[in-house]
Amino acid sequence: MNPRTIRDISGIFSCNFKEFEDEIKTLEKIRAHDEYTYLHSLNVARLSVALGRRLGVEGEHLIELGWAALLHDIGKLGVPTDILNKVKKFTPEELSLMQSHPLEALTEFAKSTPVSLKRLSRLSAAFEHHQRYDLQGYPIVQNKLTLHPFSRIVAIADTFDAMTTDRIYQRRVLPDVALKIMAQGFGTVFDPVVLQAFIT
């Protein structure tokens, strides 16, 4: 296990790292594939864990939330880096490939970590974090009733970090501006209770 990865994770939450060797290897694969996605994953985990604590998530559940956030973009392992870091507007084909990363997460999880009930929360966050609270996002799923609680938390942390971080194709906005924009999605894009807790 890479000391840098352990140090990065331990700055967000505490766990027995020997129990999470598969997850750590996967996170290191993400870093090797795209440094920005790795750093973004750390930021999303930091925000998600802080928000989870505010919402009363504790103990093992908080650790699971942390891993769900760290691995929420695992599907981007299946997206070429020239598309991930493209400066110009996506073609329809490139946009479709980019928006396939929640579906790609299913494949990547199957390859990287043994499937278990504990890991389903992580899979949910990776698959659902772009579906929106009103289920009008992507990927489209028929007859879905609700999102996993971790997905609702990760979606907010993911959006906030993406908006407040410089990218080669986008200038960041100030945190208060990002929150004002996100507040327009109360009850549609975001769970209103979770978003209110985040803003507070």
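Everything that follows concerns the structure shown earlier in this document.
For the structure given in this document, a descriptive report is provided here. Please read all numbers here as calculations on a predicted model, not as lab measurements. (Residues numbered from 1 in each chain as written. Predicted model: local features only at pLDDT ≥ 70, side-chain atom pairs only at ≥ 80, totals over all residues. Heavy atoms only, no water.)

Observations regarding the overall build of the chain
Part 1 of the argument: Of regular secondary structure, the chain possesses 11 helices and 0 strands.
Part 2 of the argument: When its helices and strands are written in sequence order, the chain yields α-α-α-α-α-α-α-α-α-α-α.
Part 3 of the argument: Its C-alpha atoms give the chain a radius of gyration of 16 Å, near enough to 16 Å, the size a compact globule of 200 residues would have.
Part 4 of the argument: Structurally, the chain occupies a C-alpha span of about 40 × 40 × 35 Å along its principal axes.
Part 5 of the argument: The buried share among the 200 residues of the chain stands at 48%.
Part 6 of the argument: Just so you have it, the chain exposes about 10300 Å², and 56% of that area is on carbon and sulfur atoms. (Helix = DSSP H or I, 4+ residues; strand = E, 2+ residues; numbered from the N terminus. Rg over C-alpha atoms; globule rule 2.2 N^0.38 Å. Buried < 20%, exposed > 50% of the residue type's maximum accessible area, 1.4 Å probe, protein only. Areas by Shrake-Rupley, 256 points an atom, 1.4 Å probe, with all protein chains shown as cover.)

A look at the nonpolar core
Part 1 of the argument: Judged by nonpolar contacts, the single largest core of 44 residues is most densely connected at Ile-9, Phe-13, Trp-67 and Leu-70.
Part 2 of the argument: Sorting the residues of this core by element identifies α2 (21-33), α3 (35-54), α4 (59-70), α7 (101-112), α8 (117-128), α9 (149-163), α10 (175-183) and α11 (192-199) as the ones contributing at least two each.
Part 3 of the argument: Here Ile-9 is in contact with Phe-17, Ile-24, Leu-27, Trp-67 and Leu-70, once residues within four sequence places are set aside. (Core = buried A, V, L, I, M, F, W, Y, C linked by side-chain atoms within 4.5 Å. Contact = heavy atoms within 4.5 Å.)

Things to note about the packing of aromatic side chains
Part 1 of the argument: As enumerated under the stated definition, the model contains 3 aromatic pairs in all.
Part 2 of the argument: With a centroid separation of 5.7 Å and 80° between ring planes, the pair formed by Phe-13 and Trp-67 is classed as edge-to-face. On the criterion of sequence distance, the pair formed by Phe-13 in the loop between α1 (3-10) and α2 and Trp-67 in helix α4 is long-range, its members being 54 residues apart.
Part 3 of the argument: Residue Phe-13 is classed as buried on the basis of its relative accessible area, which comes to 4%.
Part 4 of the argument: Relative accessible area serves as the criterion here: at 0%, Trp-67 is assigned to the buried category.
Part 5 of the argument: Grouped by ring-pair contacts, the aromatic residues Phe-13, Phe-20 and Trp-67 constitute a single cluster.
Part 6 of the argument: Here the basic side chain of Arg-31 rests over the ring of Tyr-38, its NZ or CZ set 5.3 Å away from the ring centre. (Phe/Tyr/Trp six-rings, centres within 6.5 Å; stacked < 30°, edge-to-face > 60°. Lys NZ or Arg CZ within 6 Å of the ring centre and 35° of its normal.)

Topic: the packing of α2 against α3
Angle between the axes and distance between the axes: these two values describe a pair of packed helices.
Part 1 of the argument: Orientation of α2 relative to α3, taken along the N-to-C sense of each, is 135°, at an axis distance of 5 Å. Considering the angle they form, α2 stands oblique to α3. Across the interface between the two elements, Leu-27, Ile-30, Arg-31 and His-33 of α2 pack against Glu-35, Thr-37 and Tyr-38 of α3.
Part 2 of the argument: Grouping the amino acids of the contact of α2 with α3 by side-chain chemistry returns 3 nonpolar, 2 polar and 2 charged. (Axes fitted to C-alpha atoms, helices over the stretch in contact; angles between N-to-C directions. Parallel < 35°, antiparallel > 145°, perpendicular 65-115°, else oblique. Nonpolar A, V, L, I, M, F, W, Y, C, P; charged D, E, K, R; others polar.)

Examining the packing of α9 against α11
Part 1 of the argument: One can describe the packing of α9 onto α11 by two numbers: an axis separation of 9 Å at closest approach and a directional angle of 45°. Put simply, α9 runs oblique to α11. Two packed elements cross with a definite hand, and for α9 against α11 that hand is right-handed. Residues Arg-152, Ile-153, Ile-156 and Phe-160 of α9 form the contact with α11, whose own contacting residues are Val-194, Leu-195 and Phe-198.
Part 2 of the argument: Each residue belonging to the contact of α9 with α11 can be placed in one class, and the counts come to 6 nonpolar, no polar and 1 charged. (Left-handed = near helix turned anticlockwise from the far one by under 90°.)

Re the pattern of salt bridges
Part 1 of the argument: For the coordinates displayed, the defined rule picks out 10 salt bridges.
Part 2 of the argument: Across the pair Arg-152 and Asp-191 runs a salt bridge, and its minimum N-O distance is 3.0 Å. Of this pair, Arg-152 sits in helix α9 while Asp-191 sits in the loop between α10 and α11, and the two are 39 residues apart along the sequence.
Part 3 of the argument: Judged by relative accessible area, which is 7%, Asp-191 ranks as buried.
Part 4 of the argument: Each member of the salt-bridge network shares a partner with another, and the members are Arg-4, Asp-8 and Glu-35. (Salt bridge = Lys/Arg side-chain N within 4 Å of Asp/Glu carboxyl O.)

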